[in-house]
Amino acid sequence: MSGATTKSGQVDSELACPVSPVVDIVFSRWTTPILWTLNEFGRQRFVELQRNIRTITPKVLTQRLRQMERDGLVVRTYHPEVPPRVEYEISELGRSLAPIFAHLADWSADNLWKVERARREFDEADEPVAVPR
């Protein structure tokens with residue numbers, strides 16, 4: 001029995017692909033733009049962060065920031081002033097993802113046009129190509 005299967009013979013996806021848990025944490029719909037923005041622009045207040053991301057709703061931004069704080073990717077600092085001020089910044093753990101984002105940005109610049117071309121060719125084909133099993 002391989003290390004990626006359970007006693008019942010089922011494949012344990014986390015063992016079969018150890019990257020899966022990381023993808024679930026880091027590459028959700030809004031986590032990546034939040035981390036990218038905090039890494040690029042530094043410490044920000046909630047409204048600044050929302051303005052820099054543009055399309056995120058306040059509710060979703062609040063939920064994602066709380067989850068990212070729980071995961072150790074973001075640091076929330078509360079300043080007991082009048083009015084109170086809250087700032088968010090990327091943690092050292094979150095910052096350790098910067099090289100991965102840089103590699104993904106390079107891959108994107110080099111390859112997204114190829115993906116678009118492949119999609120266009122696939123969509124224009126009379127019959128979809130059968131994928132062997």
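Data block above holds the structure.
Residues numbered from 1 in each chain as written. Predicted model: local features only at pLDDT ≥ 70, side-chain atom pairs only at ≥ 80, totals over all residues. Heavy atoms only, no water.

Trainee: Looking at this structure, I do not really get unusual backbone geometry. What am I missing?
Mentor: Negative phi is the rule for most residues except glycine; trans is the rule for most peptide bonds. Pro83 follows Val82 through a cis peptide bond whose omega is -5°. Inspection of the secondary structure puts Pro83 in the loop between strand E2 (74–79) and strand E3 (85–90). If you check the backbone angles, Arg54 has positive phi at about 75° while not being a glycine. With respect to the helices and strands, the residue Arg54 is situated in the loop between helix H4 (46–53) and helix H5 (58–70). We classify Arg54 as exposed; its relative accessible area is 70%. (Helix = DSSP H or I, 4+ residues; strand = E, 2+ residues; numbered from the N terminus. Buried < 20%, exposed > 50% of the residue type's maximum accessible area, 1.4 Å probe, protein only.)

Trainee: What should I look at first to understand the packing of aromatic side chains in this one?
Mentor: Given two aromatic rings, their pairing is described by the distance between the two centres and the angle made by the two planes. Scanning the model with the defined rule gives 2 aromatic pairs in all. Pairing Phe27 with Phe101 gives two aromatic rings, centres 5.9 Å apart and planes at 90°, and the pair type is edge-to-face. Of this pair, Phe27 sits in the loop between helix H2 (20–26) and helix H3 (31–41) while Phe101 sits in helix H7 (residues 98–124), and the two are 74 residues apart along the sequence. Residue Phe27 is classed as partly exposed on the basis of its relative accessible area, which comes to 32%. On the basis of an interplanar angle of 65° and a centroid distance of 6.2 Å, the ring pair of Trp36 and Phe101 is categorised as edge-to-face. Here Trp36, found in helix H3, pairs with Phe101, found in helix H7; they are 65 residues apart in sequence, far enough to count as distant. By relative accessible area, Trp36 is classed as partly exposed at 39%. In textbook terms, an aromatic cluster arises when at least three aromatic residues are bridged by ring pairs, as seen for Phe27, Trp36 and Phe101. If you follow Arg29 out to its NZ or CZ, it ends over the ring of Trp30, 4.0 Å from the centre. (Phe/Tyr/Trp six-rings, centres within 6.5 Å; stacked < 30°, edge-to-face > 60°. Lys NZ or Arg CZ within 6 Å of the ring centre and 35° of its normal.)

Trainee: What is the right way to read the nonpolar core from this model?
Mentor: Nonpolar side chains in soluble globular proteins tend to end up buried together. With 17 residues, the main nonpolar core has Ile34, Leu35, Leu38, Leu49, Leu65 and Val74 as its most contacted residues. Elements supplying a minimum of two residues to this core: H3, H4, H5 and E3. Discounting chain neighbours no more than four positions away, the residues touching Leu35 are Val26, Met68, Leu73, Val74, Ile90, Leu97 and Phe101. (Core = buried A, V, L, I, M, F, W, Y, C linked by side-chain atoms within 4.5 Å. Contact = heavy atoms within 4.5 Å.)

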